[in-house]
Structure formats: structure tokens, C-alpha cells
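Residue-level structure breakdown
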Amino acid sequence: MTKRITLAALLAVAAAGVSAVERIAQEPKFQAQPATSAEQPPKASDWSINEVATLRGAQPPAGASWTREDAKNANSQFLRCKIAVPAGWTDGRISLDFDRINGNAILFLDGQRVGERLGPYGEIDITRFAKPGKKQELTIFNTRDYTGISRTFETDLLRYTARGPKSPYGPVSMDKWAMGINAPFHLVHRPAPAALTSGWAETSFRTKTVTLHAEVDAATAVKDARISMAIRGAAGKPVLTLDKTATLKPGVQEIDLSSKWENPILWELDGGYRYTAAVTLSDASGKVLDRDTFPFGFREIWTEGRNLVLNGHPARFRVEWASFGLNENSVSFFKLLGRNMIYFQSNPSGWWRNNGSSEVFDFPQETIDLCDREGIAVLLPVPTVNFGRERFLNDEALRKQYRGETELFMRRYRNHPSILAWCLSMNAFNPKDAIHPPTMGKRSDYRHVQADVLEDAARTIKSIDPTRLAYSHADGNLCDIATSNLYPNFAPLQEVEDWPELWAKHGDMPFFACEFAAVYDGSYFKGKSFYLTEYAAIMLGPEAYKLETEKQLEETLKLGLDNRGHGQDMRFVAEYTPLYYEVQKRYVEATDRAWRTWGVLGWHYFNFHLGYGDPPETQGYKPFARYSVMTSPVTKRPDWASPQFDYYAKNMQPLLAYLGGSPDITDKTHGFFAGETVNKQFVAVWDGPGSLTLDAGWKLLDADGKTAASGKLDPLSLKPGDIKSVPVSFAAP
């Protein structure tokens, strides 16, 4: 596996007489000019006077043959920069590894054509053209209209089905297609005669085994090569060593090493722990050919009936979406909210269409590293199957391209233990049965082509990576996790609380409401009319009208006329009327308590307009990445948090404990005769790591606050994933 090596590390390696894969990062800063073809060289007088990632932001020099308008309309461009191959890289192989290529590329070094590198990422060998110890000019012909490229738009099936004339989402004009190199690329050196190119781990809680995989690229055959892997704990202490001898053939091959491991420290939700595997490749004489390291966590995820199981116990998600901006500072805020899972939405616009400056999603490694350390689960999209649809079932060329590009994508993220599931698509099917209480989370045979596509894609994904689950956003009772966009809105609160009751009794799949809202902000509008008070009265009755404010009444007409469909202006309304917060509070607190007790896997509140308050660093309206601006962590509720913080956090901590109804936890019987037996339940939900023992008691207070009855419960032991209840009974005074 490749890595960055500091100068000090390189010197230490050289002193030990050991080669190692080396990576030197190159920033995506280029001079640019429009291009017509790779065969027509760039003009020396036409290079931009500034450095850019793509031509659109380039400024032409005085007297150039192109203008800023030409740059906006160009479909091909030349990019150039200087690279310096270290003087010591005189043996082995040298390549350029691109984190992202929008469009396709043909590379030149010092004017010599090296070859073609198709997008969206990958390596190209430059060994024959590299001159160690000298600066060289790298020129890239980058095109989005396939000029001079070995594939055409029509044969680039993933992109053709996504943005071509028959795309199910409509065609995308070429001027909106991304172009450029807008992510780092790396100079890579692999030693001779063989190098380690990648490493990853598979761990099994059920069999107590670890399997470590080493990918080796051999320039020539190496007889009786020895691969050794030393596993070290977080403090660097060795815990397990695996060895294997194998004869390497020329080319790329995978070497697997397995061992029993009885007592590893497990990676858990709210309890992230990572090991490091140090890999050494030696020849038969013991000479070290290469070394590398990679991180991993020991964990296993699977499903049993309606439960998602992590390391032998049920696991459940307290969800936040990544678009709110998770980083080293804001993670403390999300922890205060009780969150243990971050959800990256697989919006189809992010794959090969028009997602800003990139043609494919690129998820920040540093964010997922943070989740690894903090014990925060991640659900991550893979290249989508939204577009190809039935062609995925019968077009072998499309299937091959999908698998190839998806493997490259997954390879970039597979060493993150926090990633528990891959998302295949979003809103590609949307069956209603995963919304309705009688059928949600009950596996269905849809007899629908897109259902077949999704199941087939899940098999493909899991053949590449058997360590994770596969699901699709809002696409029903399919794959490993049933999902839906579930918006109860103004359904009676009792019904919302009991929505998962039938699933909890008869469901056979984990259920995730990947979009959910207590009351969605857009639901307070009907066309161009604003009805906050009227809708609130469904729950609050006459109290809703008492809570109206003068400012709300003054703004009602304007709010309706300005409605854009999603209720964006509710962020203003909440500032001057208590009605909004009161309705949301009642729904959120009741739903969170009941649904966690029913054992629902998770639900993602679609509340991006208001969030939980804006940090003081915020400038302007920032619905997305709003907490990425935080410049320091928080240890308690910040003063700038809104009332939403309080009720969204209240019932979403790892431990939930409360007095519920009987015989059902949502029962609200409250009228009793004197002397009649009152039956309640003490309910405890434990979703944190490790075991817990609770001591609990209860009191019944009269109207004056005096104790009318009381009791103490026996200690209650909880294991991760436990949901337990203890009867509480007393005679009504």
C-alpha cells in the first residue's frame, strides 16, 4: 500500500538498506490553455498567467489567442506543471497516481507522450520517461468530449446512461460536464524487484479470526518471498504476527495471511479502536524488499432478522448527515447531540452528471478517519445504479465498467472500520410498502426490474467487499437494510409513536428511515399560503392560536407568497414564534423515545434549514457544512445552540431510560380510580459500548409535590444493544 514518507523516514530507510513505496503529493495547480487535440501541441505564448485546476478559472496572458469566454466554452484543455522525481529513484518503477481526473487525460513528460489515463482516478506508469534528479514538465491534455481518447461518449456507458439523451433524469449539456484535475496527484516509486501496493484486513467476530491481504506487484519472479505482518495496538505494542512464504509471479497478485485471534479489542459504536498492520516483504535471503503499514479495526457486521448485529450484539444508529460539516471541532457538538452515525447521501447528481466541479463524489478521508477514531458509523455511497437500470442486467459491457470503476472507488476507502454499509443508489425505486406500518421492514418480492438491479448490484458490491452491508436509499425492503423516505408530518402523535410497532413484532429486516421529519418544514405551506397556526392546531388545539405572535401574523401573507417548496423560510419564523419549536419538540421527543424502544435501526431528520443553531463563526445562511466553521470543540451545550438542540439531544444519548406505559410502552392510560392498580414500566435502552448496571427508583407525587408512593428497582444489567423493561405497579391513592 502506498504512503507518504517524510525526509527523515526516507533517510532512516536508506540507512537500513531497505526500499519502500514512496509517495510525494503534488498540488493540483497548473497553467492552462484551451486545446483542440493532443496531437496539436500547446502554444508557448498561450499559457495562463495564473495557476488553476481547470481552464474555467484561467486568465490569458497579454496577446493570447484565447479569451476568458473561450475558456468557459472549451471542451478540451492543456494543463502543465513541473514535477521533480527524486535522484534516488533510479531502480524500480515510477508512476503518477491521480486522486481525480474530471474527463479523460493524455499525459506528456518533456513533450514525450506517456499515454492515456481515463477518468475518474488511477495510476499511469512513467518509468521510461522519468529523469530522477531533474525537474520535468508534465503536460496533460484533458478533455470532456472524448477527443483523441480510446473510448467515446457512447461506449463510456456509465456516463452515457447518466447524462446522455436517454438518461432517466434527462440529458446534461456538455458545458455542465466537469473538466480538470481538482484533487492532489502523487509521484509514486515502487522498488524492484517487487513492491507492496495495497493492504487491507477482514476480521470475524464469530470465528475469532483475522485475514490480512497484501497486494504485491512484482516486476520479475521472486522465489520463496516472505511476507510478514505484525499487528500493533493503538499504543504501538505488538499483539500478533503472521508470516507466509510464496513465490511471486511477474505482475500483481494478492497474498492472504490468516490467524485465530481470541481477544482483540473490538471497534464499537462510541468506542472506536484501530490496529496497525506493519507489512514486510523479503526475498529468500532475508533482504527486505519493501515495507508498508495500514490501519484496521476488528469488527464484524451482519443482519439477523430485524436486527443489525455488530460484534454479536444489536446495534442501532443515532443519525446525523455529513452535510452539516463534521470535523475535529464539530465532532464534540455532534457527540453532545448523541450522534453515533454519519450518513453521506447518495444524491444521483453526484455521479457523472453535474455535481459542481467534480463528476464523481469524493468523500474526505480525514472525516472518515475521525469517525474511525471516535466510533462513529459511516454509511457511504458507491457509484450509483440509478441510471443504467435494466441495462445492468443484460449489458455485459456496462456491468464490467461498473464493477471496474466501483472497485477503484471502494479501494480508496476499504481500510476504514467506521464504514459499515455501502449505499447503491437513491430514490431509484421508492416503493410504498417500506413506508406503511404493516409492510415496512418485511422483505418483498417486487417483481420489478429496478428491484432486480439493486439486488444484483448488492451482490456485486459484496463480492468485492464481504465485510460490509449494502442497501439503497428509500428503495424499499431490499438488500440488507429496508429503507424509505418517511414523512408522517401531521399524523396524530400516538400513531407516529406506534408506527414501527408491527415491524417490531413481525419485521424481518433492519429498518432505516433515511429521510424523516417530525414535521417537514415545507408541510406548513399549501401552495402560496402559510398555515403554521392551522396545522399546529391539529396537535395543540386552541393553544396554537394563543401562541401566535404579532410578527407571525404580519409575515403570514409574505411567507406564503415567497414559498419555494421546502419551507426554507421557517428559519426566520422560528425566531419570532414559539409555535414552531413547540410542535417540533413534541414530535421529536416522543418519536425518539418510542422508536428507540421499538428497536428501529435509525432515522435521519431532514432538518437542514434550522439545524441546531448557528456557531458565531457563521457568515450568512449556511444550511450545509454549517458546523464546519467551528474553530474549537465544545464540552457542554453552547450558548448559541437553539431550542432544537435541546429536544433533538434529549432522547438520543447512548442511554435512554424513562417510565413508559403498560402493556405497551406508548400506552398513555392516565385515569384511575382510588385503589385501582396502576401498571407502568421502567424502560432502559443501552446503545453504548461495554456493559452497564443501573440502579433506579420511582416516586409518585401528588398535586402538592408530596410523595404518595415510591419504590426501588433491583439493579438492572445492560449489555450493548439491550432494550429492557421492568414492571412498576402501585395502588392509586
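Our subject in this report is the structure included herewith.

The rules behind each value
Residues numbered from 1 in each chain as written. Predicted model: local features only at pLDDT ≥ 70, side-chain atom pairs only at ≥ 80, totals over all residues. Heavy atoms only, no water. Helix = DSSP H or I, 4+ residues; strand = E, 2+ residues; numbered from the N terminus. Rg over C-alpha atoms; globule rule 2.2 N^0.38 Å. Buried < 20%, exposed > 50% of the residue type's maximum accessible area, 1.4 Å probe, protein only. Pairing = 2+ DSSP bridges. Axes fitted to C-alpha atoms, helices over the stretch in contact; angles between N-to-C directions. Contact = heavy atoms within 4.5 Å. Phe/Tyr/Trp six-rings, centres within 6.5 Å; stacked < 30°, edge-to-face > 60°. Lys NZ or Arg CZ within 6 Å of the ring centre and 35° of its normal. Core = buried A, V, L, I, M, F, W, Y, C linked by side-chain atoms within 4.5 Å.

**So, the overall build of the protein chain**
Along the protein chain, the regular secondary structure elements total 16 helices and 36 strands. The globule rule puts the C-alpha radius of gyration for 733 residues at 27 Å, and the 29 Å found for the protein chain is close to it. Seen through its principal axes, the protein chain has C-alpha atoms that stretch 95 × 65 × 50 Å. Classification of the 733 residues of the protein chain by burial places 55% in the buried group.

**A look at the sheet that holds strand β25 (residues 482-486)**
Across the sheet, three strands lie side by side as β25-β26-β29; this open sheet has parallel pairing. Edge positions in the sheet fall to β25 and β29 (602-605), since each of these pairs with one other strand and no more. Across the sheet, the mean angle from the axis of one strand to that of its neighbour is 15°, orientation sign disregarded. The pairing of strand β26 (residues 511-516) with β29 spans three bridges and is classified as parallel. Bridging across to β29, F512 finds its partner in G602.

**A short note on the side chain of E589**
In this fold, E589 is placed in helix α15 (residues 578-598). Classification of E589 by relative accessible area gives buried; the value is 15%. Excluding its chain neighbours within four sequence positions, the residues that come into contact with E589 are Y647, K650 and N651.

**A few points about the packing of aromatic side chains**
When we look at a pair of aromatic rings, we describe it by the centre distance and by the angle of the planes. The full count for this structure, using the stated rule, is 57 aromatic pairs. When the ring of F30 is compared with that of F185, the centres are 5.9 Å apart and the planes differ by 15°; the resulting orientation is stacked. Of the two residues, F30 is situated in the loop between β1 (22-26) and β2 (31-34) and F185 in strand β9 (residues 185-190); the sequence distance between them amounts to 155 residues. Neither F30 nor F185 differs from the other in exposure class; each is buried. Positioned above the aromatic ring of Y576, the side-chain terminus of K551 is 5.7 Å from the ring centre. Between the NZ or CZ atom of R571 and the centre of the ring of Y621, over which it lies, the distance is 3.5 Å.

**Overview of the sheet that holds strand β16 (residues 288-296)**
Strand pairs in the sheet, formed through backbone hydrogen bonds, run parallel or antiparallel to each other. Ordered in space as β13-β12-β15-β16, the four strands form an open sheet in which the pairing is antiparallel. The open sheet has two free edges, formed respectively by β13 (238-248) and β16, since each of these has just one partner strand. Averaged over all pairs of adjacent strands, the angle between their axes in this sheet comes to 15°, without regard to strand direction.

**Focus: the nonpolar core**
With 108 residues, the main nonpolar core has L380, F409, W422, L424, Y524, M570 and W595 as its most contacted residues. Per-element tally for this core: the top contributor is α15, with nine residues. W595 has contacts with L486, V496, E497, W499, P500, A513, F516, V600 and W603, leaving out every residue within four places of it along the chain. W89, A105, I126 and F129 belong to the second largest nonpolar core, which has 30 residues in total.

Function-wise, these values are silent; they only describe arrangement.
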